[in-house]
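Breakdown of the fold
These are the residues of each chain, in order.
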Amino acid sequence: MEKAQEIIKQINQVIFGKEKEILEMMLAFLANGHILLEDIPGVGKTTLALAFSKAMRLDYKRVQFTPDVVPSDLTGFSIYRREEERFVYQKGSVFCNLLLADEINRTSPKTQAALLEVMEERQVTVEGETRSVPTPFLVIATQNPYGSAGTQPLPEAQMDRFMIRISIGYPDFESEVVMAKSIGITERIKEIQPIEDGKWLEQMQKNVQEVYIKDEVYRYLVELVAATRQHRYLERGGSPRATIALVKMARAAAWIQGRSFVTPADIADQFPYVIQHRMVRNIAARTEKITKEQIIKEIVRQIKKPPLWEKVR
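Keep in mind that what you see is a predicted model, and the values were worked out from it rather than measured. (Residues numbered from 1 in each chain as written. Predicted model: local features only at pLDDT ≥ 70, side-chain atom pairs only at ≥ 80, totals over all residues. Heavy atoms only, no water.)

For the rest of this paragraph, the subject is the overall build of the protein chain. Summing up its helical and strand segments, the protein chain has 14 helices and 11 strands in all. The long-range fraction of contacts in the protein chain, counting pairs at least 24 apart against all pairs at least 6 apart in sequence, stands at 77%. Summing over all exposed atoms, the protein chain offers an accessible surface of approximately 15600 Å²; the carbon and sulfur share of this is 51%. (Helix = DSSP H or I, 4+ residues; strand = E, 2+ residues; numbered from the N terminus. Contact = heavy atoms within 4.5 Å. Areas by Shrake-Rupley, 256 points an atom, 1.4 Å probe, with all protein chains shown as cover.)

As structure tokens, then:
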């Protein structure tokens, strides 16, 4: 727990004024999930990924997605070596611990689908042979806002593969002043001291899985997700995968606070990050300009929290 908090502290020294977003990214890593960053260019998405990779001593790779990126760029391919008289497999970009898939919604659906397999299965299949990627394997994908020039929306199936979606946004005024006065980003990242390596992260992920959730809290969690499937302003709500993601994120939130059990507040805090990108508004919501944020707040307000308890077992 202390090491995770130290990583967060170091990242906050590189990215100013984004403490909540950095915490959520750390929780997703602890929950062994992938992250979708949706934002305009220039707000520090790449810097965030690079800072996390250095602080956790993870093998890091970045792919700039463009229309000409093909699946084999990610999964790898075989080339014939004349001197050896055989085909030799060349690993693709996904063979790392932390992959930054930059502007994922600018590439073709075929390439997006190739990334989907490795995100879900943690393995790739090339020419009939299956190869596992290193562990841990985490993806931070960035996408430009919907409707931006040269973009196409991600399929709903792929959106569902991301554990959380966050938006970094512009820094507040004071944080931007501090950033302007500080040394350059490259120099700040060099100052990050690696806390641990990927093996440490794997152990922490196992510890997070052991955090206890009471039956009443499980029911509250499922009621929140189920409410999105019946809401008058939603065409589609959260899938069972959303329920699983919320369980994992709530456990990570409790663990990083030093607790061995999940509270209803942990569920409510993580619910917006897990559910927003899985919701599809209907025509009525778009006509009345009802936002996803408004719908989420209404659901959290309407679903009654279970009472607190003195003993968790």
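Taking 1.5 Å as the rise per residue, helix 2 (residues 19-30) with 12 residues should run 16 Å; its terminal C-alpha atoms sit 17 Å apart, in good agreement. The buried fraction of helix 2 amounts to 9 of the 12 residues, a majority that puts the element mostly inside the structure. Within the sequence span of helix 2, burial applies to E21, I22, E24, M25, M26, L27, A28, F29 and L30. Looking one or two places after helix 2, you find N32, whose phi comes out positive at around 60 degrees. (Expected span 1.5 Å × (residues − 1). Buried < 20%, exposed > 50% of the residue type's maximum accessible area, 1.4 Å probe, protein only.)

With that settled, consider the packing of aromatic side chains. Per the counting criterion, the structure on display carries 3 aromatic pairs. Arranged with centres 5.0 Å apart and planes meeting at 80 degrees, the rings of F29 and F52 form a pair that is edge-to-face. Taken together, the residues span a long stretch of sequence, with F29 in helix 2 and F52 in helix 3 (residues 45-55) at a distance of 23 residues. Taken together, a centroid distance of 6.2 Å and an interplanar angle of 75 degrees make the contact between Y89 and F95 edge-to-face. Given the relative accessible area of 18%, Y89 is considered buried. When its relative accessible area of 8% is taken as the criterion, F95 is described as buried. Note that R259 overlies the ring of F261, its terminal NZ or CZ placed 5.8 Å from the centroid. (Phe/Tyr/Trp six-rings, centres within 6.5 Å; stacked < 30°, edge-to-face > 60°. Lys NZ or Arg CZ within 6 Å of the ring centre and 35° of its normal.)

Turning next to a negative patch on the surface. A contiguous patch of negative charge on the surface is contributed by E19, D172, E174 and E176. Mapping E19 onto the fold places it in helix 2. Overall, E19 belongs to the partly exposed group, its relative accessible area being 46%. (Patch = residues over 30% accessible without salt bridge, like charges linked within 9 Å, V, L, I, M, F, W, Y side chains within 5 Å. Salt bridge = Lys/Arg side-chain N within 4 Å of Asp/Glu carboxyl O. Lys, Arg positive; Asp, Glu negative; His and termini not counted. Charge placed at Lys NZ, Arg CZ, Asp CG, Glu CD.)

Attention now goes to the sheet that holds strand 5 (residues 98-102). The strand order across the open sheet formed by 5 strands is 2-5-8-1-9, and the pairing between neighbours is parallel. Sheet topology places strand 2 (60-64) and strand 9 (164-166) at the edges, where each strand pairs with a single neighbour. Across this sheet, the average inter-strand angle for adjacent strands is 15 degrees, counted without regard to direction. Of the strand pairs in this sheet, strand 2 and strand 5 are connected by 5 bridges, and their pairing is parallel. The residue bridging K61 from the neighbouring strand is L99, located in strand 5. The sheet strands contacting helix 2 are strand 1 (35-38), strand 5, strand 8 (138-143) and strand 9, and the helix crosses strand 9 at an angle near 160 degrees. On the sheet, helix 3 packs against strand 1, strand 2, strand 5 and strand 8 and is oriented at approximately 175 degrees with respect to strand 5. (Pairing = 2+ DSSP bridges. Axes fitted to C-alpha atoms, helices over the stretch in contact; angles between N-to-C directions.)

Let us look at the layout of surface pockets. To locate leftover empty space, one rolls a probe as large as a water molecule over the atoms. In this structure, the largest pocket spans a volume of roughly 750 Å³. Breaking the lining of the largest pocket down by element, the ones donating at least two residues are helix 6 (156-159), strand 11 (280-281) and helix 14 (292-302). Class assignment of the residues belonging to the lining of the largest pocket gives a composition of 7 nonpolar, 8 polar and 10 charged. (1 Å grid on protein atoms, 1.4 Å probe; cavity = no way out; pocket = protein on both sides within 12 Å on 5 of 7 lines; lining within 4 Å. Points joined across faces, edges and corners; volume = space filled by probe spheres on them. Nonpolar A, V, L, I, M, F, W, Y, C, P; charged D, E, K, R; others polar.)

To continue, consider the packing of helix 11 (residues 240-256) against helix 12 (residues 264-275). Interhelical geometry of helix 11 versus helix 12 gives an angle of 130 degrees and a closest axis separation of 9 Å. If you check the angle between helix 11 and helix 12, you find them oblique. When the axes of helix 11 and helix 12 are compared, the crossing they make is right-handed. Side by side, helix 11 and helix 12 meet where A242, A245, L246, M249, A250, A253 and A254 of the first sit next to D266, I267, Q270, F271, V274 and I275 of the second. Of the residues that constitute the contact of helix 11 with helix 12, the class distribution is 11 nonpolar, 1 polar and 1 charged. (Parallel < 35°, antiparallel > 145°, perpendicular 65-115°, else oblique. Left-handed = near helix turned anticlockwise from the far one by under 90°.)

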